[in-house]
Amino acid sequence: MTAPVLSVRNLVHRFPATNGAVHAVNDVSFDIAPGETLGLVGESGSGKSTIGLLVTRLLSPTGGSIAFDGEDITRASAATLRPLRARLQIVFQDPWGALNPRMTIGRLLEEPLLLHARQNAAERTAEARRLADRVRLPEAALARYPHELSGGQLQRVSIARAIANRPKLVVLDEPTSSLDLSVRAGILQLLDELQRETGIAMLFISHDLETVRLVSHRVIVLYLGRIAEQAAAAQLFASPAHPYTQTLLSAHLPPDPAVPLARHEVVGEIPSPLRLPPGCFFAGRCPIALPACTQATPAMLAVEPGHHAACLRIADGSNLLAQPEGTP
Amino acid sequence: MTLLEVDDLHVEFAARGLDNRVRVASALNGVSFKVEAGEVLGLVGETGAGKSLTALAAMGLLRPPARIPRGAIRFEGRPLIGLPDSAMARIRGRRMTMIVQSPLTSLDPLKRIGDQLIRMQRVHGSASRAEARAKAEAMLAAVRIPDPKRRMQAWPHELSGGMAQRVLIAMALVNDPALVIADEPTTGLDVTVQAQVLDTLRDLVRERGLGALVITHDLGVVAHYCQRVAVMFAGRIVEDGPVREVFARPAHPYTQALIASTPGRIAQLGWTVTGGTPPDLYNLPEGCLYRDRCLRAAPACLVAPPRREIGPAHGAACHFAGEAA
């Protein structure tokens, strides 16, 4: 097995709040291998975006460690991080907010080259043109400003900027969530091609289960900043082990009326990250919780090779929720 | 019984450009559909297709610079276009109501939930305060808000997104309307919450025999909560029919592309879809508006295609609808 591009251990992040702290990320560990896409799914407040900001060190973690490309960057200074950012990139959800409105697309594409590549102006212009072509932007776009482009085109610009310096890892934080369905498909196809060509590793953050299933090799399900389950994408979607994952997947609406829904009811509301309950965070809403579930944090248990979930009931195989009745 | 009937509706916006010339955006270009009592019609399409605009037009909420140069909207057989505001006010909020997308900005932040539900009834009817209060509480219970008596006292900012959306549903249904229009009722909610809210809405619509128009860009919502679907593109309905029928045998190339670009289909069939931008509403092309993006476009498409019937209550506005690809 090759060395991971990214190795995260016991990551913890707290945001200070008026009385106490928001426990956004609680003891999260994972690796991403070269050329791999790891999907990070969870509902709002699950800490998925915070993890994206932490591993790119746009935030400094409260605890734990982050190693990128063999180098510990947990406490790395801005000066140390700067050259490294050529290889560690992030694409955000909102391309309108991510691109400087006063720069032309051409300049926006040259900017990362200016920062990281030793090229003269002519080389940079040529490279920007090549990048635009690579992400299938029309050449005319280079002279335009962000407000003149559509959301899908702008997201292509963001991706082109991220890949400009041949990164090893790109974090994609909901890269297609603000786009229409057909435009979204085009962006996902582009990411797929880029990965096949260059072997970039990707951390794909999304709340959209269908998209994550399509693009990811492995998937981590987060609940309140803690990993509930992780497995190969096919395993996770075929046989979810954690009651939360089972609930989450059952609530998804497949865009096909021929697929029957079989929904697990969820009771109650998600606990506040300001006051997390002891033990398993899902215990209060879990239909099969035992008294022991509220006592201690459940350990990650193996369900099958490469498939782990943090649920006590996996130990004796009683972790599956009763099959719900299909809705009419 | 037909509740809402929209017939060849056109809406345009006139504005002066920087060069001081008047530019006209043709936002709706001949929208026609019906909502029958007891049915849920899904209206899907991408951003800018005119879904929300259609809803606003039906609710009589268009204001200049929007105008309706052509078309008709009838509610319970009564023409709405040109109806004086006072008459429209007796329909809107009472017989025909709306649930909007962003629940937390749609509630009055300075009024308690209960008072908003009471006000909604008192503005539109003659219920006494006590009656309105009792009904408000019952309505909160009906949308499955736990402990409704206590929640009556809650402020909007104390509610989660899902709870706030339930309150909006309660507001929309408290006056016993015949038709409810839900504009992206669950966009922005988490999946588990979305499922709960949609279940609540569907059950209430069913129990009360209402008609509903659900506007969404999410094909999953259409697939599982609507009986009929109308697909919009560039201000026109390009296809309509029973949900199962349209998903099984989409006839318009746009509908086909839309369904083929869902991740599940991509996983099965590979990357087949090329997306694109919608046409410029200031300068619409002749003929079929989907022509520029359509893989099947032919010279015939320079003439606007009429709706062609391809099955029982299933039609598509394409010259080639129903023919094998």
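If you're wondering where the values come from, they're calculated on a predicted model, not measured in any experiment.

1. A word on the interface of chain B and chain A
- If you look at the interface, chain B gives 36 residues, while chain A gives 30 residues.
- Summed over both partners, the interface of chain B with chain A buries about 3,000 Å², with 59% contributed by carbon and sulfur atoms.
- In this structure, R265 of chain B and D256 of chain A form a salt bridge, with 3.6 Å as the shortest nitrogen-oxygen distance.
- Inspection of the chain B/chain A interface yields 9 residue pairs in polar contact (both at pLDDT 80 or more).
- Secondary-structure elements contributing two or more residues to the side of chain B that touches chain A are α8 (191-208), α9 (219-225), α10 (243-248) and α12 (263-269) of chain B.
- With 8 residues, α8 of chain B is the single largest residue contributor to the side of chain B that touches chain A.
- Per-class residue counts for the side of chain B that touches chain A are 16 nonpolar, 13 polar and 7 charged.

2. Structural notes on helix α7 (residues 181-198) of chain A
- Given a rise of 1.5 Å per residue, 18 residues ought to cover 26 Å, and the 26 Å separating the end C-alpha atoms of α7 of chain A matches this to within 8%.
- Looking one or two residues past α7 of chain A, G199 of chain A carries a phi angle of roughly 70°, positive in sign.

3. Re the packing of aromatic side chains
- One pass over the full model with this rule turns up 6 aromatic pairs over all chains.
- With a centroid separation of 5.3 Å and an interplanar angle of 85°, the aromatic rings of Y223 of chain A and F282 of chain A are classed as edge-to-face. With a gap of 59 residues between them, Y223 of chain A in strand β9 (residues 218-223) and F282 of chain A in the loop between α10 (243-251) and β11 (301-304) connect regions that are remote in the sequence.
- Ring geometry for Y254 of chain B versus Y290 of chain B: centroids 5.4 Å apart, planes at 70°, classification edge-to-face. Here Y254 of chain B is found in helix α11 (residues 253-260), whereas its partner Y290 of chain B is found in the loop between α12 and β11 (308-311), with 36 residues between them in sequence.
- Residue Y254 of chain B is classed as buried on the basis of its relative accessible area, which comes to 1%.
- Lying over the aromatic face of F281 of chain A, R226 of chain A brings its terminal NZ or CZ to 3.6 Å of the ring centre.
- The lysine or arginine in question, R23 of chain B, covers the ring of Y282 of chain B, its NZ or CZ lying 3.8 Å from the ring centre.

4. Here's the deal with the pattern of salt bridges
- Enumeration according to the criterion identifies 38 salt bridges over all chains in this entry.
- For K168 of chain A, the salt bridge is made with D69 of chain A, and the minimal N-O distance between the two is 3.3 Å. Taken together, the residues K168 of chain A in the loop between α6 (151-163) and β7 (169-173) and D69 of chain A in the loop between β4 (63-68) and β5 (71-72) connect sequence positions 99 residues apart.
- Look at K168 of chain A and you get partly exposed, because its relative accessible area is 38%.
- Given a relative accessible area of 27%, D69 of chain A falls into the partly exposed group.
- Two residues, R129 of chain B and D115 of chain B, come together in a salt bridge whose shortest N-O distance is 3.9 Å.

5. Examining the sheet that holds β4 of chain A
All names here are of chain A.
- In space, the 4 strands of this open sheet follow the order β2-β1-β4-β5, with antiparallel pairing throughout. Looking at the sheet topology across the chains shown, the edges are occupied by β2 (20-32) and β5.
- Relative to β5, β4 runs antiparallel, the two sharing 2 bridges. Within β5, the residue paired with F68 across the bridge is E71.
- Its contacts with the sheet place helix α1 (residues 48-55) against β1 (6-17), β2 and β4, and it is angled at close to 65° to β2.

Quick notes on the rules
Residues numbered from 1 in each chain as written. Chains lettered and ligands numbered in written order. Predicted model: local features only at pLDDT ≥ 70, side-chain atom pairs only at ≥ 80, totals over all residues. Heavy atoms only, no water. Contact = heavy atoms within 4.5 Å. Buried area = accessible area lost by both parts, 1.4 Å probe. Salt bridge = Lys/Arg side-chain N within 4 Å of Asp/Glu carboxyl O. Polar contact = N/O pair within 3.5 Å; in protein donor to acceptor, adjacent residues only side chain to side chain. Helix = DSSP H or I, 4+ residues; strand = E, 2+ residues; numbered from the N terminus. Nonpolar A, V, L, I, M, F, W, Y, C, P; charged D, E, K, R; others polar. Expected span 1.5 Å × (residues − 1). Phe/Tyr/Trp six-rings, centres within 6.5 Å; stacked < 30°, edge-to-face > 60°. Buried < 20%, exposed > 50% of the residue type's maximum accessible area, 1.4 Å probe, protein only. Lys NZ or Arg CZ within 6 Å of the ring centre and 35° of its normal. Pairing = 2+ DSSP bridges. Axes fitted to C-alpha atoms, helices over the stretch in contact; angles between N-to-C directions.

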